[in-house]
Amino acid sequence: MHRSSKWRIGFISMLSAGVLISGVASALPSNVRIIPPGSARFLVGQKFDVRVEGRGTGPFSATIAIDGVPQEFTSGVQGSNETDEISSAGYGGFNLRGYGNDIAGTHTVTATFSDTTGSVNTQASFEIVDVSGKHRPAKNIIILLGDGMGVAHRTAARLVKYGVTEGQPNGYLAIDRLPGTGLVTTHSLNSIITDSAPGMACYATGSHSNNGQEGVNPANVINPFYQPRVEYMAEYLHRVRGTSLGLVTSADVEDATPAANAVHTGNRNAGTGVCDQYLDESDAEGTGVYGTGLTVLMGGGRRWFLPAGQFGSSRSSSTDYDNLPADLVAAWHLPSRGSLDPLFGYGNMNVALDKLAKRRDTLLPGTTTFAVDDYHAPDQPMLEEMTQSALQVLRRNERGFVLMVEGAHIDKQSHLMDADRVIDETIEFDNAVGVARQFAEEAGDTVIVVLADHECSGFSLIGALTGGIKHLRSLPPDNATIDPAVQPERQKSTVIGTYDNAAFPRYNILPDGYPETFDIDGKLLIGYGANGDRYESWLMKPLPIVDSLLPDDIKSELRAAGYSDVPYQREESRYGYFIRGQATGRDQAVHTASDIPVSAYSTGPDGPNRIYEQFYGVQTNTDVFFKLMRAALGGF
Ligand SMILES: [Zn+2]
């Protein structure tokens, strides 16, 4: 039954109404559908939940057959009640939890959904892809995800770190030096613009999901943790091979990108429940029958592990998850409800620029304290140090591992239109790529992909500062307000050198590998195509914006100390000129629909094999999952 896989799969969804119960008027249930939704592809044996749901007047009933073979639902109302304590009000739903199919090819699901007014027939299909083969499987998979990192972010980091002479880059980033580079689309199941939850989850499951959702398919259920699941790469490989999972992030570990490797929820903001599920489903006992094999969880987020009410705690019963449905626990072999540290900081970690200020013991211009102290986290590691530590732990598992490393603040600082903090973050992320590559060369049998989940802010390199930094500092504030009637002369906009006047910015790079300061003559200037309102000074911003993922206790302290909550508040009284946001008003810049670059590398026992070549060209984001799994299962 050898069937070569197809990367693009057609999908058929037919809804045929009819089949009236005799004598009943034709209201019929509405919104009847089969889940998983369109274009769903799964690996041979990869687990996923199947659901038939519809809206109407209960009691409800349903039947389901896959390839014509009737299947037993594992939960549902079975015609006796109006709701099953899982489905949303007004909906009936029937679940087949933990389904998997071992036969490659297209499979057809036929279902009937009935309420008191009649029945609706519906049909859908899904694709099973066989990516296994006889090649030597890649033992370790390392995904380095620069959140929000588009092409321009990479270029900016290279320009700052190495400079350019007479048109020629003076050096290349670790990312640049990976041999296989292509483009990846970034769309989610319900929009051309993704957020980080489905943006990461599509690489970890092979399925698109709706914005805000990770490791699940959309469904009308009352609790986001009850949504139909799709098995993660880490879960699949842990189950079939006994691999470990490592998650390293500069964000709060509760944030969407790390969670979208290990936590199944329809609400990325269900903080308490998200963090509990990491631990509940890590399979710390090593049974190998369920769970992610989560062994390393490193980042910020101490607030989720402190008791509610304690300083710095964000735990809340409103975002906890109740006991999961019994059939979900049984079908996924989950344990009944039951330390992973280190967590560096209460919420998101601080950004490189602010960590480096403390490490250098040099206050940023215009500040009297170190931001990391104000954040109650004076001693935070750099991303490459965390990556190194994670690899030392994970390499002990001879069966291999999946490691995801996230450079989270490339995105977060792009949202906040703080170019200097973005660029330092990108350099920090690139250092982590260098560590991963070194590991791959030493250990062999490792595949690395470096990519983003989406681009953020329409980041663009518009030119460089003319007239010098002293001249810029001497310009008076423009006293603009967000009132469009007030339009002062924009003196700060006269310093933007474009074309020839941009010349070649040249930064002083210190032994730690980062620029001494961004405020140099000829500074690289960044614009944003998806911006919110802001006051632009072109100078380094002394304080970061209050991080949205901090506990409320610390946010209050920061506001009292002069930190701002949104970019437009930041420079108003100081030096900026007002730039009106195109994408949002008084809010942050937003994600864009641009393709993002992927760069790949791979090592085998006899030197680099050529798995990385598979990442050339333009590919849809879910392809990345199938290519990585093909490497892991010997298909390349
Ligand atoms: Zn974002």
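Computed from a predicted structure; not experimentally measured.

A. Here's a closer look at the overall build of the protein. Counting its secondary structure elements, the protein contains 15 helices and 27 strands. Here the C-alpha atoms of the protein give a radius of gyration of 26 Å, agreeing with the 26 Å that 2.2 N^0.38 yields for 636 residues. Summarising its shape, the C-alpha atoms of the protein cover approximately 85 × 65 × 50 Å along the three principal directions. Across the 636 residues that make up the protein, the buried fraction comes to 61%. Carbon and sulfur atoms provide 49% of the accessible area of the protein, an area that totals close to 23500 Å². The average position of the 51 basic charges and that of the 73 acidic charges among the side chains of the protein differ by 4 Å.

B. Up close: the coordination of the zinc ion. Protein-derived ligands of the zinc ion are Asp411 (OD), Asp411 (OD), His415 (NE2) and His591 (NE2), with the metal-ligand distances lying across 2.0 to 2.5 Å. With four donor atoms in place around the zinc ion and angles of 56 to 146° between them, the coordination shape is irregular.

C. Here's a closer look at the environment of valine 131. Mapped onto the secondary structure, valine 131 falls in the loop between strand E10 (118–129) and strand E11 (140–146). Placed 87 residues apart in sequence, valine 131 and valine 44 show a C-alpha to C-alpha distance of 7.9 Å. Apart from the residues within four sequence positions on either side, valine 131 is in contact with Leu43, Phe626, Met629, Arg630, Leu633 and Gly635.

D. Representation of the nonpolar core. Within the largest apolar cluster, 122 residues are counted, with the highest numbers of intra-cluster contacts made by Leu144 and Tyr278. Looking at this core, the element that brings in the most residues is helix H11 (residues 419–443), giving eleven residues. Sequence-distant contacts of leucine 144, defined by excluding residues within four places in its chain, comprise Val405, Phe429, Ala432, Val433, Ala436, Ile448, Val449, Val450 and Leu451. Judged by nonpolar contacts, the second largest core, of 24 residues, contains Leu28, Ile34, Phe60 and Ile64.

E. Looking closely at the sheet that holds strand E8 (residues 91–99). The four strands lie next to each other as E2-E4-E8-E7, forming an open sheet whose pairing is antiparallel. Among the strands making up the open sheet, the edge pair consists of strand E2 (30–35) and strand E7 (75–76).

F. Geometry of the pairing of strand E5 (residues 61–66). With six bridges connecting them, E5 and strand E9 (residues 105–115) associate as antiparallel partners. Paired with serine 61 across the bridge in E9 is serine 114. Two strands pair when backbone bridges link them, and E5 and strand E6 (residues 69–70) are joined in this way by two bridges, in the antiparallel orientation. By the bridge assignment, isoleucine 66 is partnered in E6 with valine 69. In this antiparallel pair of consecutive strands, E5 and E6, the connection spans two residues, and aspartate 67 shows a positive phi of 55°.

G. Spotlight on helix H7 (residues 352–360). The set of residues buried in H7 consists of Ala352, Leu353, Asp354, Lys355, Leu356 and Ala357. Here the buried face of H7 lies against helix H8 (371–374), helix H9 (383–394) and H11. Positive backbone phi, approximately 55°, marks aspartate 361, located one or two places after H7.

H. Highlighting the packing of H7 against H11. One can describe the packing of H7 onto H11 by two numbers: an axis separation of 8 Å at closest approach and a directional angle of 80°. When the axes of H7 and H11 are compared, the pair comes out roughly perpendicular. On H11, the residues touching Ala352, Leu353, Asp354, Lys355 and Leu356 of H7 are Arg421, Asp424, Glu425 and Glu428.

I. Just the pairing of strand E4 (residues 48–55), in detail. With seven of eight residues buried, E4 is to be regarded as a mostly interior element. Taken together, the four bridges between E2 and E4 define a ladder with antiparallel strand orientation. Note that in E4 the partner of serine 30 across the bridge is arginine 55. Where E4 meets E8, seven bridges bridge the pair, whose relative direction is antiparallel.

J. The side chain of threonine 117, seen in detail. The residue threonine 117 is located in the loop between E9 and E10 in this model. Assessed through its relative accessible area of 14%, threonine 117 is described here as buried. There is a polar contact of 2.9 Å between the side chain of threonine 117 and the backbone nitrogen of leucine 28. Only 2.6 Å separates the side chain of threonine 117 from the side chain of aspartate 115, close enough to count as a polar contact.

K. Layout of the sheet that holds strand E20 (residues 459–465). Here three strands make up an open sheet; going across it, the order is E21-E20-E22 and the pairing antiparallel. Pairing within the sheet leaves two strands with one partner each, and these edge strands are strand E21 (496–497) and strand E22 (524–528). By the bridge criterion, five bridges tie E20 to E22 in an arrangement that is antiparallel. Bridge assignment links alanine 464 to a residue of E22, and that residue is leucine 524. Against the sheet, helix H1 (residues 151–162) contacts E20 and E22, and its axis sits at roughly 30° relative to E20.

Thresholds applied
- Position numbers for residues count from 1 along each chain, tracking the sequence in the order it is written.
- Only residues with pLDDT of 70 or above have their local features reported here, since the model is predicted, and side-chain atom pairs are shown and tallied only from 80 upward, although totals for entire chains, interfaces and linings are computed over all residues.
- Neither water nor hydrogens contribute to the side-chain values; these are computed over all heavy atoms in the structure.
- Here a helix means four or more residues in a row that DSSP labels H or I, a strand means two or more in a row labelled E, and each is numbered from the N terminus.
- For this measure, only C-alpha atoms enter the radius of gyration; the expected value for a globule follows 2.2 Å times N^0.38, where N is the number of residues.
- For the exposure calls, accessible area comes from a 1.4 Å probe over protein chains only, and a residue counts as buried if that area is under 20% of its type's maximum, exposed if over 50%, partly exposed in between.
- Methods summary: accessible areas were calculated by the Shrake-Rupley approach with a probe of 1.4 Å, and residue burial reflects only the protein chains presented.
- Note that His is not counted, nor are the chain ends; the positive residues are Lys and Arg, and the negative ones are Asp and Glu.
- Lys charges are placed at NZ, Arg charges at CZ, Asp charges at CG and Glu charges at CD.
- Here a donor is any nitrogen, oxygen or sulfur atom (N, O, S) within 2.8 Å of the metal, with 3.2 Å used for Na, K and Ca; water is not among the atoms considered, so some sites may look incomplete.
- Under this scheme a four-donor centre is tetrahedral when all angles range from 85 to 135 degrees, a four-donor centre is square planar and a six-donor centre octahedral when opposite donors are above 155 degrees with the rest from 65 to 115, and any other centre is irregular.
- Residue contacts are counted whenever heavy atoms from the two residues lie within 4.5 Å of one another.
- The term nonpolar core refers to a set of buried residues drawn from Ala, Val, Leu, Ile, Met, Phe, Trp, Tyr and Cys, joined through side-chain atoms within 4.5 Å.
- For two strands to be treated as a pair, DSSP must find no fewer than two bridges joining them.
- Helix axes are fitted only over the stretch in contact, all axes being lines through C-alpha atoms; the angle between N-to-C directions runs from 0 to 180 degrees.
- Note on terminology: angles under 35 degrees are roughly parallel, angles over 145 are roughly antiparallel, angles of 65 to 115 are roughly perpendicular, and the others are oblique.
- Two N or O atoms form a polar contact when they lie within 3.5 Å of each other; inside protein one atom must be a possible hydrogen donor and the other a possible acceptor, and for residues adjacent in sequence the pair counts only when both atoms belong to side chains.

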